[in-house]
Amino acid sequence: MGTLTLPVLDAEDVVWLRDQEALPAAARVAALALGRRVGLDEQRCAEVALAVSEAATNLRRHAVEGSFLLRAVRTPSDAGLEFVTLDEGPGMADIAHALSDGTSTAGTLGIGLGTISRLADSFDLHSLPGRGTVLTARFWQRDAAVRMAALGRPVVEGLTRTITGEEVCGDAWAARRARGGHPAAPAPAPASAAPRPVRDERLGWAQLTGYRQPVTPGPGHERGGAGPGGPDALLVLLCDGLGHGPLAGRAAQAAVTAFRDTRAEQPEAIIGEIHKALRGGRGGAVAVVRVEPEAGTLAFCGVGNVSTYVVDPATGTRRSLPSAPGIVGHQLPTLRTVRQRLPRNSAVIMHSDGLTERWRAEAMPGFLERTPLVAAAQLLREAGVRRDDAGVVVAKGPW
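Treat the numbers as computed from the prediction; the structure is a model and nothing was measured. (Residues numbered from 1 in each chain as written. Predicted model: local features only at pLDDT ≥ 70, side-chain atom pairs only at ≥ 80, totals over all residues. Heavy atoms only, no water.)

## Here's the deal with the overall build of the protein chain
Inference 1: Each helix and strand counted, the protein chain has 9 helices and 15 strands in total.
Inference 2: Per-residue burial for the protein chain yields a buried fraction of 54% across its 399 residues.
Inference 3: Considering only contacts within the protein chain whose residues lie at least 6 apart along the sequence, 73% involve residues at least 24 apart.
Inference 4: If you sum the accessible surface of the protein chain, you get close to 17,500 Å²; carbon and sulfur atoms cover 52% of it. (Helix = DSSP H or I, 4+ residues; strand = E, 2+ residues; numbered from the N terminus. Buried < 20%, exposed > 50% of the residue type's maximum accessible area, 1.4 Å probe, protein only. Contact = heavy atoms within 4.5 Å. Areas by Shrake-Rupley, 256 points an atom, 1.4 Å probe, with all protein chains shown as cover.)

So this is what it looks like as structure tokens:
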């Protein structure tokens, strides 16, 4: 088991586009607008537009029921753009061959996938022959790409999709680091406290790009290292706001804000804080997982209809973590935290009832060997339903 040194990104799902004749043009225009919004220079925006055009054109020419997701990704200092494509077939039997230039089944030059992989800072692909393919590509400004490459791939990623006919999704997810072990007792205040420094009210990059920095766990905390509470732990939230539309979306975002702002570091206490934040609104189903990589343990607390599993990729077996009935913000039951050992290299998967529970890991061979985002997108493609908002998040890393 290892310590948590991989990055945790904040993501904003900006727009889903369905497979239609205008998809390549619409995707290109939306990508250019988002690239400029997050601060990519004109050369990088042009490269993004080329990659997006290739991906969207591939969906139109080769895929069945394709869809295209455009989103922003952020760290405290940088912002980037990524896209995800999903389709229902025909899939690729030989991905390496499909990525090589000159491979085409439509009489073109056959440079689409190769072009995307070369232009992107991060590229991943998983395909199930006869069933469908998921592709992801992420783009940073060049200096940011160097920083992100040094950090490695994110350890947790997820995505959301609105119910057909709505523009606002009632599902949301978030992740942040916390100290390992149980929180240490607070240190006594000194006899004469130093005056509080004057707060700098100038807007920084985080505020301008919309990134919300999670609350600092406390003195002695070092990224990837051990503070007073031990090595880093990972906290992951999934919230399904009650109902659909803007009010459900408002509840889900209130849960995310409370999750990021609270100093609580145990799932039970975090849900208690979210319950306070959701009073007076729609409320929702909420689950919080705490992963401690070095100890190889997991703590879980959930209320309502959020499905959470620990999946062993070696065997494909999945273990369900039970949530209590209730509605956070309205009817909070007696909270109970479940603690378990994590199988080595296992994945933690959380999803709302916008995905059915009938999926099987062994029916999607290799999907947990890909990035968490590709794994989440493949699950959404395989098990997602259009009659409800959908949210899914996958955490997999050095435990």
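## A few points about the side chain of Lys396
Inference 1: With respect to the helices, strands and loops of the structure, Lys396 is situated in strand E15 (residues 390–396).
Inference 2: The side chain of Lys396 is buried and forms no salt bridge, while Asp124, the nearest opposite charge, is found at 7.5 Å.
Inference 3: There is a polar contact of 3.3 Å between the side chain of Lys396 and the backbone oxygen of Leu368.
Inference 4: A polar contact of 2.8 Å, which involves the side chain of Lys396, links it to the backbone oxygen of Arg370.
Inference 5: Discounting residues that sit within four places of it in the chain, Lys396 has contacts with Val155, Ser346, Ala347, Leu368, Glu369, Arg370 and Pro372. (Lys, Arg positive; Asp, Glu negative; His and termini not counted. Salt bridge = Lys/Arg side-chain N within 4 Å of Asp/Glu carboxyl O. Polar contact = N/O pair within 3.5 Å; in protein donor to acceptor, adjacent residues only side chain to side chain.)

## Topic: the pattern of salt bridges
Inference 1: One pass over the structure, following the stated rule, counts 23 salt bridges.
Inference 2: Here Arg147 and Asp143 are joined by a salt bridge, their closest N and O atoms 4.0 Å apart. Remark: Asp143 and Arg147 occur in helix H5 (residues 142–151); sequence separation between them is 4 residues, near one turn of the helix.
Inference 3: Relative accessible area serves as the criterion here: at 46%, Asp143 is assigned to the partly exposed category.
Inference 4: Because the salt bridges share partners, they merge into one network encompassing Asp13, Arg71, Glu82, Arg138 and Glu157.

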